[in-house]
Amino acid sequence: MKESGMPGSRHEALLAELEGIRDVYRLDVRQFVSFVRERKLLIVEGFRQYARWLDEEHSGKRYSPATINRKLAAARSRVRYAFKHSSFADDLQRRYRLEEILKSVKLKKIDPLVVSPSSVLGISEVRRLVWHTKSPAIRLMTMFLVRTGVHISEMLHLRVADVTPGSGGLTELLIRGKGGRQRTIKVKSDFLKQIQECFGGRKLLFEHDGRGYSRISVANRIRLESMRILGKEVSPRQLRHTWAAMQIKKGRSVTQVAAALGHASAGRTAQMYSANGTASTDGALDLEEVERGGPTEASDPGASPEAGPGGGASA
């Protein structure tokens, strides 16, 4: 589908409209719109060039396949929106050609199991993210995810009734996973007390104004904070991967890690984190100690080396 003319005021108004749509793609759309705007491209040609740009190296780093696929999905959604609201919306031939162009940009193949090292944060990155997150609620959620390895949906569905006082300064939490599978994890009682005081949940552990949080909203807030603090996007899934990889590096049994993650097979867990090394003292700090040290230690340039470019893994 050919586009003609140079971008003008109507084109800028369309870009602003695409940017203003509030949906699951909103954060990734900002990057696509900025790419098109800065290069003075029309939308379809902008999509073609954006797809090539995503696959290139930037400042020595690359986006993971999962991140590229997510960003392409966001861009595709806005290209289709722009066509649907254009004067060509009823032209079936143009619509067919547009779909051919969109389909010509292939999604990246993703190994469904192996977690790339770039999807795991370094200890110094975890500390910086935790300590420099502005919202107390998002900070505690980030800490909870990286200290337990649970899925974000499992965290947000935790009920007050799922909390059982334990011993030795630990509290047990009943986690409800996929397929109705349940498991029990332990967290420090002092940390749980911080969560209870912050959220004051009556039914759910994490509540605001008597209601549960939106998974998409929390994930987007974490991505925004990580972009501001680390200069890259970090997903809740990456926090889960970080917990698991660090436990395995620390020498904890793969069977124990698999049980905590809710995996049916320890073999699957071992395969997922095979690219992240084995027991090592480098960066193997127990993530229960993330809160120690504060902002000064979090900024310590001598801390563990930071991971590669952002992007969530699909496993």
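Residues numbered from 1 in each chain as written. Predicted model: local features only at pLDDT ≥ 70, side-chain atom pairs only at ≥ 80, totals over all residues. Heavy atoms only, no water.

(A) Region of the structure containing the sheet that holds strand 1 (residues 163-165). If you trace the three strands from one edge of the open sheet to the other, you get 1-2-3, paired in antiparallel fashion. At either end of the open sheet lies a strand with only one pairing partner, and these are strand 1 and strand 3 (182-188). Taken pair by pair, the neighbouring strands of this sheet meet at an average axis angle of 30°, ignoring direction. With seven bridges joining them, strand 2 (residues 170-176) and strand 3 adopt antiparallel strand pairing. Pairing of Leu170 across the sheet is with Lys188, part of strand 3. (Pairing = 2+ DSSP bridges. Helix = DSSP H or I, 4+ residues; strand = E, 2+ residues; numbered from the N terminus. Axes fitted to C-alpha atoms, helices over the stretch in contact; angles between N-to-C directions.)

(B) Representation of the confidence of the model for the protein within the structure. Averaged over every residue, the pLDDT of the protein is 82; residues scoring 70 or more account for 83%. This model gives residues 278-315 a pLDDT under 50, and the stretch forms 102 contacts once residues within four places in sequence are excluded. (pLDDT = per-residue confidence, 0-100. Contact = heavy atoms within 4.5 Å.)

(C) Up close: the packing of helix 3 (residues 43-54) against helix 4 (residues 65-84). Where helix 3 meets helix 4, the axes come as close as 10 Å, and the angle between the chain directions of the two elements is 180°. It follows from the interaxial angle that helix 3 and helix 4 lie roughly antiparallel. Residues Ile43, Val44, Phe47, Tyr50, Ala51 and Leu54 of helix 3 form the contact with helix 4, whose participating residues are Ile68, Lys71, Leu72, Ala75, Arg76, Val79 and Ala82. Here the contact of helix 3 with helix 4 is built from residues that sort into 11 nonpolar, no polar and two charged. (Parallel < 35°, antiparallel > 145°, perpendicular 65-115°, else oblique. Nonpolar A, V, L, I, M, F, W, Y, C, P; charged D, E, K, R; others polar.)

(D) Up close: the side chain of Glu207. Inspection of the secondary structure assignment puts Glu207 in strand 4 (residues 207-208). For the buried Glu207, no salt bridge is present, and the opposite-charge side chain at shortest range is Arg202, 6.3 Å distant. There is a polar contact of 3.2 Å between the side chain of Glu207 and the backbone nitrogen of Arg202. (Buried < 20%, exposed > 50% of the residue type's maximum accessible area, 1.4 Å probe, protein only. Lys, Arg positive; Asp, Glu negative; His and termini not counted. Salt bridge = Lys/Arg side-chain N within 4 Å of Asp/Glu carboxyl O. Polar contact = N/O pair within 3.5 Å; in protein donor to acceptor, adjacent residues only side chain to side chain.)

(E) Highlighting the pairing of strand 2. In strand 2, alternate side chains face the same way, and those of Thr171, Leu173 and Ile175 are buried while those of Leu170, Glu172, Leu174 and Arg176 on the opposite face are not. Bridge count between strand 1 and strand 2: three bridges; the pairing is antiparallel. Paired with Val163 across the strands is Leu173, a residue of strand 2. Joining the antiparallel neighbours strand 1 and strand 2 is a turn of four residues, in which Gly168 adopts a positive phi near 65°. Once strand 2 ends, the chain turns through five residues before running back antiparallel as strand 3, passing Gly179 with a positive phi of about 70°.

(F) Structural context of the nonpolar core. By size, the foremost hydrophobic cluster in this structure holds 35 residues, and its most contacted members are Met141, Phe144, Met155, Leu173, Phe206 and Leu239. Of all the elements, helix 7 (residues 136-148) adds the most residues to this core, at eight residues. If near-sequence neighbours (up to four positions away) are discounted, Leu239 is found in contact with Leu121, Leu129, Thr142, Leu145, Val146, Ile222 and Val234. Counting residues in each nonpolar core, the second largest holds 25 residues, with Phe35, Leu41, Phe47 and Ala75 among its members. (Core = buried A, V, L, I, M, F, W, Y, C linked by side-chain atoms within 4.5 Å.)

(G) Summary view of helix 4. Helix length check: helix 4, at 20 residues, gives a terminal C-alpha distance of 28 Å against a target of 28 Å (1.5 Å per residue), a fit within 8%. Of all the 20 residues making up helix 4, 14 are buried; the element is thus mostly covered by neighbouring parts of the structure. (Expected span 1.5 Å × (residues − 1).)

(H) A look at the packing of aromatic side chains. Counted by the stated rule, this structure contains nine aromatic pairs. Consider the rings of Phe144 and Phe191, whose centres lie 6.4 Å apart with planes at 25°: the pair is stacked. Taken together, the residues span a long stretch of sequence, with Phe144 in helix 7 and Phe191 in helix 9 (residues 189-199) at a distance of 47 residues. On the accessibility criterion, Phe191 (3% relative accessible area) is buried. Ring geometry for Phe199 versus Tyr213: centroids 5.9 Å apart, planes at 85°, classification edge-to-face. Linking Phe199 in helix 9 with Tyr213 in the loop between strand 5 (211-212) and helix 10 (215-230), this pair joins segments that are 14 residues apart in sequence. (Phe/Tyr/Trp six-rings, centres within 6.5 Å; stacked < 30°, edge-to-face > 60°.)

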